[in-house]
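Examining the three-dimensional arrangement
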Amino acid sequence: MENITLENLKTRRSVRSYSSRPVEDEKLDAILEAATYAPTGMGSQSPVIVLVKSPEMVKKIGKMNAAVMGRDVDPFYGAPAVAIVFGNKESVPTWFEDACLVAGNLLNAAHAVGVDSCYIYRAKETFSSAEGLALLKEWGLNENYVGVANCILGYGEGEAPQPKPRKDDYIKII
């Protein structure tokens, strides 16, 4: 069956090398809007997305994320923007799953408009640190918000990654 949405879902890849070229605001707006249409428990819309475009702040958050690993690397691979998805642990019981669905929509929307992306872990640890909690406060979020996903956005350098073959027992039909 041919369908552009299905094709986009099958061709999105995690990109781990970025040019410094910024993502156009029009594309960022479209990506973020699509992310807000992810399903959420009881329609709560409890997740919050913080888009960071400032090179200094992207670098700062990247260093905080790398510190969680205990390594001096750029976990954001030079991407010029990061959309951080937070879940509100005091909202619905599905707050974590809701934030994950938002992140998934965000990554797929990015691919649909020609922007590369990658889901980067350690948002929870990064934003539960004293420095991370201070950033939350600066951004108008309280300690009920938990970092769930760092979604880096930009234009990849080099060849696009190729998909691994799907495992044989991925689907069970009963």
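Predicted model only: the values in this text are computed from it and were never measured.

On to the packing of helix H2 (residues 25-35) against helix H4 (residues 95-112). Packing of H2 against H4 leaves a shortest axis separation of 8 Å and a crossing angle of 145 degrees. H2 and H4 meet at a crossing whose hand is right-handed. Packed against H2, whose contacting residues are Ile31, Leu32, Ala34 and Ala35, the element H4 presents Val102, Asn105, Leu106, Ala109 and Ala110 at the interface. Broken down by class, the residue content of the contact of H2 with H4 amounts to eight nonpolar, one polar and no charged.

Relative to the elements of secondary structure, Lys172 occurs in the segment after strand E4 (145-154). Between the alpha carbons of Lys172 and Asp98 there is a distance of 25 Å; along the sequence they are 74 residues apart.

On to the nonpolar core. One finds Ile31, Val85, Leu106, Val115, Cys151 and Leu153 to be the most contacted residues of the largest nonpolar core, which totals 23 residues. Those elements that provide at least two residues to this core are H2, strand E2 (81-88), H4 and E4. Element by element, the count of residues in this core is highest for H4, at eight residues. Sequence-distant contacts of Ile31, that is, excluding residues within four places in its chain, are made with Leu106, Ala109, Ala110, Val113 and Val115.

When you line up the elements, Ser46 lands in the loop between H2 and strand E1 (48-52). Residue classification places Ser46 among the buried residues on the basis of a relative accessible area of 9%. A polar side-chain atom of Ser46 sits 3.3 Å from a polar atom in the side chain of Ser91. Residues within four places of Ser46 in sequence aside, it is in contact with Asn88, Ser91, Val92, Trp95, Asp98 and Tyr145.

Before going further, it helps to examine the sheet that holds strand E3 (residues 116-120). Pairing in this open sheet of four strands is antiparallel, and the strands run E1-E2-E4-E3 from one edge to the other. Each having just a single partner strand, E1 and E3 make up the two edges of the open sheet. For this sheet, the mean angle separating the axes of adjacent strands, direction not counted, is 25 degrees. The pairing of E2 with E4 spans eight bridges and is classified as antiparallel. Counterpart to Ile84 in the pairing with E4 is Asn150.

Cut-offs applied
Residues numbered from 1 in each chain as written. Predicted model: local features only at pLDDT ≥ 70, side-chain atom pairs only at ≥ 80, totals over all residues. Heavy atoms only, no water. Axes fitted to C-alpha atoms, helices over the stretch in contact; angles between N-to-C directions. Helix = DSSP H or I, 4+ residues; strand = E, 2+ residues; numbered from the N terminus. Left-handed = near helix turned anticlockwise from the far one by under 90°. Contact = heavy atoms within 4.5 Å. Nonpolar A, V, L, I, M, F, W, Y, C, P; charged D, E, K, R; others polar. Core = buried A, V, L, I, M, F, W, Y, C linked by side-chain atoms within 4.5 Å. Buried < 20%, exposed > 50% of the residue type's maximum accessible area, 1.4 Å probe, protein only. Polar contact = N/O pair within 3.5 Å; in protein donor to acceptor, adjacent residues only side chain to side chain. Pairing = 2+ DSSP bridges.

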